[in-house]
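Structure at a glance
As a plain string of letters, each chain reads:
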Amino acid sequence: MGLSIYTGRIDLTEPDGLKSDYERFILTVNPDGSRTLRTVTRSPKGDLLRDVNQMVAADWRPIEVVGRLFFKNEFQGTVMRRVIGDQLHSYVWTPDAPMDHAVLDAPPRMTLGFHPIFHDAWKMSYLDLSHHEYQDILTHTVSNTWNGRSLGHGMKIEGKVRYDGTETVDVPAGRLECQRFTWQTSFGKELHVWRHGPHHVFVKMVVATGDKHGSVYELATLEEKTVEWP
């Protein structure tokens, strides 16, 4: 038995050329085939920090997620979610209010969005890659804003994604064979996304149209380690 561990960093280059250390991640591939992703994301201004831990089954079905938000050095709260059957249990804690619990529906092929940029490579995990037509994707988000600056029970948002085929992509982390996607989001953006390997490691995303068009997120570092035990 063994545990595969991927660690790395994602950098952001904004349209004006400003670069920032955007996100750090640890991805573990567990002995049962499930995957756990921990991300710490900081906005370019440095005033927004998201700390997210999420787990999906071997078939990419969401199991549970915990997300914490800090804004301007103040703790904003925690959201915890767990999928049980066809129900999504959502728990929200904020500093000035009691815990709130909601039970929502969890349709098949839905992902849970907590705004890590790495997770955007996982949103396409249910797609049929045998053709290049647009397909629907469904996400239950934690925040109704593009940058995830709020916390709550969120809402379901739909998008359309097209699988564009495979490409070899050069990023600071190296040259990687990738699958490429074009994503028409509910926020009025067109995003180009590249992912690598069976665990759908985020490699690159370009904001092609919409607000902040020209922004580029790239995999800056990637380290893989396998821990074996009897």
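All of the points below concern the structure found in this document. (Residues numbered from 1 in each chain as written. Predicted model: local features only at pLDDT ≥ 70, side-chain atom pairs only at ≥ 80, totals over all residues. Heavy atoms only, no water.)

Quick word on the overall build of the protein
The helix and strand inventory of the protein stands at zero helices and 15 strands. Here the C-alpha atoms of the protein give a radius of gyration of 17 Å, agreeing with the 17 Å that 2.2 N^0.38 yields for 230 residues. Per-residue burial over the protein gives 49% buried out of 230 residues. Relative to all contacts within the protein whose residues are 6 or more apart in sequence, the contacts with residues 24 or more apart total 44%. When the accessible surface of the protein is summed, it comes to about 11200 Å², and 51% of that surface belongs to carbon and sulfur atoms. (Helix = DSSP H or I, 4+ residues; strand = E, 2+ residues; numbered from the N terminus. Rg over C-alpha atoms; globule rule 2.2 N^0.38 Å. Buried < 20%, exposed > 50% of the residue type's maximum accessible area, 1.4 Å probe, protein only. Contact = heavy atoms within 4.5 Å. Areas by Shrake-Rupley, 256 points an atom, 1.4 Å probe, with all protein chains shown as cover.)

Describing the pairing of strand 2 (residues 19-29)
Summarising the sheet, strand 1 (residues 2-13) and strand 2 pair through 10 bridges and their orientation is antiparallel. Bridge pairing links isoleucine 5 to threonine 28 in strand 2. Between strand 1 and the antiparallel strand that follows it, strand 2, lie five residues; glycine 17 among them carries a positive phi value of about 95 degrees. As paired strands, strand 2 and strand 3 (residues 35-42) are joined by seven bridges and run antiparallel to one another. Bridging across to strand 3, threonine 28 finds its partner in threonine 36. (Pairing = 2+ DSSP bridges.)

Re the side chain of histidine 140
You can see histidine 140 is positioned in strand 10 (residues 134-141). Those residues within four positions of histidine 140 in sequence are excluded, and the remaining contacts are Arg81, Leu88, Leu104, Met110, Thr111, Leu112, Gly113, His153, Gly154, Met155 and Lys156.

A look at the environment of alanine 102
Mapping alanine 102 onto the fold places it in strand 8 (residues 97-105). Here alanine 102 falls in the buried class, since its relative accessible area comes to 14%. Separated by 82 residues in sequence, alanine 102 and glutamine 184 have C-alpha atoms that sit 29 Å apart. What alanine 102 contacts, discounting residues up to four positions off in sequence, is Leu88, His89, Ser90 and His153.

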